[in-house]
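Residue-level structural notes
The chain contents come next:
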Amino acid sequence: MTKIAIFDYGAGNIFSLKNALEKQNATVEVQTQADTLTGYDGIFLPGVGNFDPAIQSINRNSVDFLKVVGETPVFGICLGMEMFFEKSQEGKERGLGIISGDVVVLPDTLKVPHMGWNALEIKKESKILEGVENNSWVYFVHSYRVNPATQDVVVAESDYDIKVPAIVQKDNYFGTQFHPEKSGDVGALMLKNFLRECSK
């Protein structure tokens, strides 16, 4: 079985994510210290919480998260993806800096938080999208969006008055602004695809 760690920094969706991964036959352990994330086939940064406390949890005890993770595949969901970037308007802490760019609040022309189903416009191929059709619908709950310095990391977008990066990828880091664990069969397929990458 694929051995997966979910890093718990006080997020609220640990149970639903753990349940979704176990349905894909993964062995899942929840960890609260970044220095315990070695030895796993894959790591998830879940998607509910606040930017500063989440980053502080990762950096606790001066842990170098990128060094601990190495080449292990990492899947960031919503806030988990936002932490890949350099900074966020939600807080003052520095992000992980894996992807150049920042995180900005959704414009006040939209209802915030944005909650609901939106279609994915696939921009480029990704291993987590194998078998996923263009314009598939996924479920979002968020008040912020990522703003990459370059578009080469954007795998898919969603459009609700503005273009919102919905999936980003750089090296072994995969991120979704939406919640795959709440996105029905489409989300389950993405999780299955990611677990396959973890088992290689």
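Scroll up to find the structure.
Residues numbered from 1 in each chain as written. Predicted model: local features only at pLDDT ≥ 70, side-chain atom pairs only at ≥ 80, totals over all residues. Heavy atoms only, no water.

1. Some thoughts on the overall build of the protein chain
A count of helices and strands for the protein chain gives five helices and 13 strands. Taken against the 2.2 N^0.38 rule, which gives 16 Å for 200 residues, the C-alpha radius of gyration of the protein chain at 15 Å falls within 12% of a compact globule. Reported as C-alpha extents along the three principal axes, the dimensions of the protein chain are approximately 45 × 40 × 30 Å. Residue burial in the protein chain is summarised as follows: out of 200 residues, 52% are buried. Here the contacts in the protein chain between residues at least 6 apart in sequence split such that 70% fall between residues at least 24 apart. Total accessible area computed for the protein chain in this model is approximately 9,100 Å², and 46% of it derives from carbon and sulfur atoms. Taking the 19 positively charged and 26 negatively charged side chains of the protein chain as two groups, their mean positions are separated by 1 Å. (Helix = DSSP H or I, 4+ residues; strand = E, 2+ residues; numbered from the N terminus. Rg over C-alpha atoms; globule rule 2.2 N^0.38 Å. Buried < 20%, exposed > 50% of the residue type's maximum accessible area, 1.4 Å probe, protein only. Contact = heavy atoms within 4.5 Å. Areas by Shrake-Rupley, 256 points an atom, 1.4 Å probe, with all protein chains shown as cover. Lys, Arg positive; Asp, Glu negative; His and termini not counted. Charge placed at Lys NZ, Arg CZ, Asp CG, Glu CD.)

2. Some points on the sheet that holds strand β6 (residues 101-105)
Across the sheet, three strands lie side by side as β5-β6-β10; this open sheet has mixed pairing. The open sheet terminates on both sides in strands that have one partner only, identified here as β5 (87-88) and β10 (144-148). Note: β5 against β6, two bridges, orientation parallel. Counterpart to S88 in the pairing with β6 is V103. (Pairing = 2+ DSSP bridges.)

Spatial relationships are all this shows, so hold off on functional conclusions.
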